[in-house]
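What the coordinates show
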Amino acid sequence: MDAKALLLNRHSQPRLTYPGPTAEQLDLMLAAGARAPDHAGLTPWEFVVAEGEGLERLGEIYFQAAKADGAEGEALARARLLPTRAPVVITVIAKVSEHPKVPAIEQHLSAGCAVMAMQMMAYSLGLGGIWRTGPYARHPLVREALGVQGDDEIVGFLYIGTPLKQTEARSAPALEGLVRHL
Ligand SMILES: Cc1cc2nc3c(=O)[nH]c(=O)nc-3n(C[C@H](O)[C@H](O)[C@H](O)COP(=O)(O)O)c2cc1C
């Protein structure tokens with residue numbers, strides 16, 4: 001896919017099914033993530049890949065978090081199933097280290113760039129994906145279960161799979177009002 005077309009047409013696909021990425025496609029996505037801009041070469045990212053039983057393990061983590069928050073019945077059951085909305089979920093964690101020139105926000109931003117790079121690679125391979133966060137990204141039990149500490153942040157759960165149907169990018173917002181020239 002032409003890079004211009006990719007950048008102008010990338011969009012999210014929330015309805016995903018099997019097949020998920022092949023091992024080779026997954027490696028390409030992770031390699032794209034690891035090409036994210038990185039001030040001072042800190043590699044401030046960790047990519048936690050869940051597929052197969054890994055999705056069940058992630059669902060169990062959500063389940064425990066929902067239970068701790070008092071969820072019951074359908075809401076509690078739904079928590080366990082959330083990760084099964086795609087064949088693969090990659091949790092992207094910003095791993096923050098102390099650096100005199102690179103504040104935590106720059107390391108969080110770098111991890112966010114990694115999410116989008118992986119989504120774009122998936123899109124270029126004919127796969128689809130959606131970047132999600134929600135309350136579980138900040139939940140203390142989810143953070144603990146995934147080894148997220150201190151200034152580290154879960155910046156996204158990237159859901160990847162085959163789009164259930166062909167979709168098109170929403171029309172881009174008008175640049176008027178978003179841009180000004182000095
Ligand atoms: C940091 C971040 C977190 C997001 N979290 C969610 C989410 O939890 N659930 C969701 O449906 N969309 C979420 N989105 C939005 C989608 O990823 C997507 O960008 C949005 O639906 C617009 O679609 P588009 O990417 O096709 O333009 C999030 C986006 C960002 C940047």
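Presented here is a report on the structure given in the accompanying data block.

1. Remarks on helix 2 (residues 23-33)
Turning to helix 2, its buried residues are Gln-25, Leu-26, Met-29, Leu-30, Ala-32 and Gly-33. For helix 2, the arc enclosing every buried residue in end-on projection is 155°, short of the 170-degree limit, so these residues lie on one face. Projecting away from the buried face of helix 2 at angles above 90 degrees are the exposed residues Ala-23, Glu-24 and Asp-27. Looking at the buried residues of helix 2, the elements they touch are strand 2 (45-51), strand 3 (88-94), helix 5 (104-124) and strand 5 (153-163).

2. Some remarks on helix 3 (residues 53-68)
The end-to-end C-alpha separation of helix 3 is 23 Å, in line with the 22 Å expected for 16 residues at 1.5 Å each. Taken together, the buried residues of helix 3 touch strand 2, helix 4 (73-81), strand 3, helix 6 (140-145) and strand 5. Within two residues after helix 3, Gly-70 carries a phi angle of roughly 90°, on the positive side.

3. Re the packing of helix 2 against helix 5
Between helix 2 and helix 5, the shortest axis-to-axis distance is 7 Å and the interhelical angle comes to 145°. The crossing of helix 2 and helix 5 is right-handed. Note on element contacts: helix 5 touches helix 2 through Ala-114, Ala-117, Met-118, Met-121 and Ala-122, opposite Leu-28, Met-29, Leu-30, Ala-32 and Gly-33.

4. A word on the site of the ligand
Taken together, Arg-10, His-11, Ser-12, Ile-130, Trp-131, Arg-132, Thr-133, Gly-134 and Arg-170 make up all the residues around the ligand. Residue Trp-131 places a main-chain N or O atom 2.7 Å away from an oxygen atom belonging to the ligand. Thr-133 is positioned such that a nitrogen or oxygen atom in its backbone is 2.9 Å from an oxygen atom of the ligand. Its free accessible area being 620 Å², the ligand has 57% of it covered by the protein chains. Here the residues of the shell around the ligand sort into 2 nonpolar, 4 polar and 3 charged.

5. What about the environment of His-181?
Summarising the element assignment, His-181 is placed in the segment after strand 5. By relative accessible area, which is 74% here, His-181 ends up exposed. For the pair His-181 and Asn-9, spaced 172 residues apart in sequence, the C-alpha to C-alpha distance is 26 Å.

6. Examining the pairing of strand 5
Among the 11 residues that make up strand 5, 9 are buried, leaving the element largely enclosed by the rest of the structure. Here strand 1 (residues 16-17) pairs with strand 5 via 2 bridges, running antiparallel. Looking at strand 5, one finds that Leu-16 is bridged to Pro-163. When strand 4 (residues 128-132) meets strand 5, the two strands line up antiparallel, connected through 5 bridges. Bridged to Gly-128 within strand 5 is Gly-161.

7. With respect to the nonpolar core
Ranked by internal contacts, the top residues of the largest apolar core, which has 24 residues, are Tyr-62, Tyr-136, Val-142, Leu-146, Ile-154, Phe-157 and Tyr-159. Of all the elements in the fold, those that place two or more residues in this core are helix 3, helix 4, strand 3 and strand 5. Per element, the largest residue contribution to this core is 7 residues, and it comes from helix 3. Those residues in contact with Leu-146, other than ones at most four positions away along the chain, are Leu-58, Ile-61, Thr-91, Ile-93 and Ile-154. Membership of the second largest hydrophobic core comes to 18 residues, among which are Leu-30, Val-88, Ile-90 and Val-155.

Rules of the game
Residues numbered from 1 in each chain as written. Predicted model: local features only at pLDDT ≥ 70, side-chain atom pairs only at ≥ 80, totals over all residues. Heavy atoms only, no water. Buried < 20%, exposed > 50% of the residue type's maximum accessible area, 1.4 Å probe, protein only. Helix = DSSP H or I, 4+ residues; strand = E, 2+ residues; numbered from the N terminus. Arc of directions from axis to C-beta. Contact = heavy atoms within 4.5 Å. Expected span 1.5 Å × (residues − 1). Axes fitted to C-alpha atoms, helices over the stretch in contact; angles between N-to-C directions. Left-handed = near helix turned anticlockwise from the far one by under 90°. Near = heavy atom within 4 Å. Polar contact = N/O pair within 3.5 Å; in protein donor to acceptor, adjacent residues only side chain to side chain. Areas by Shrake-Rupley, 256 points an atom, 1.4 Å probe, with all protein chains shown as cover. Nonpolar A, V, L, I, M, F, W, Y, C, P; charged D, E, K, R; others polar. Pairing = 2+ DSSP bridges. Core = buried A, V, L, I, M, F, W, Y, C linked by side-chain atoms within 4.5 Å.

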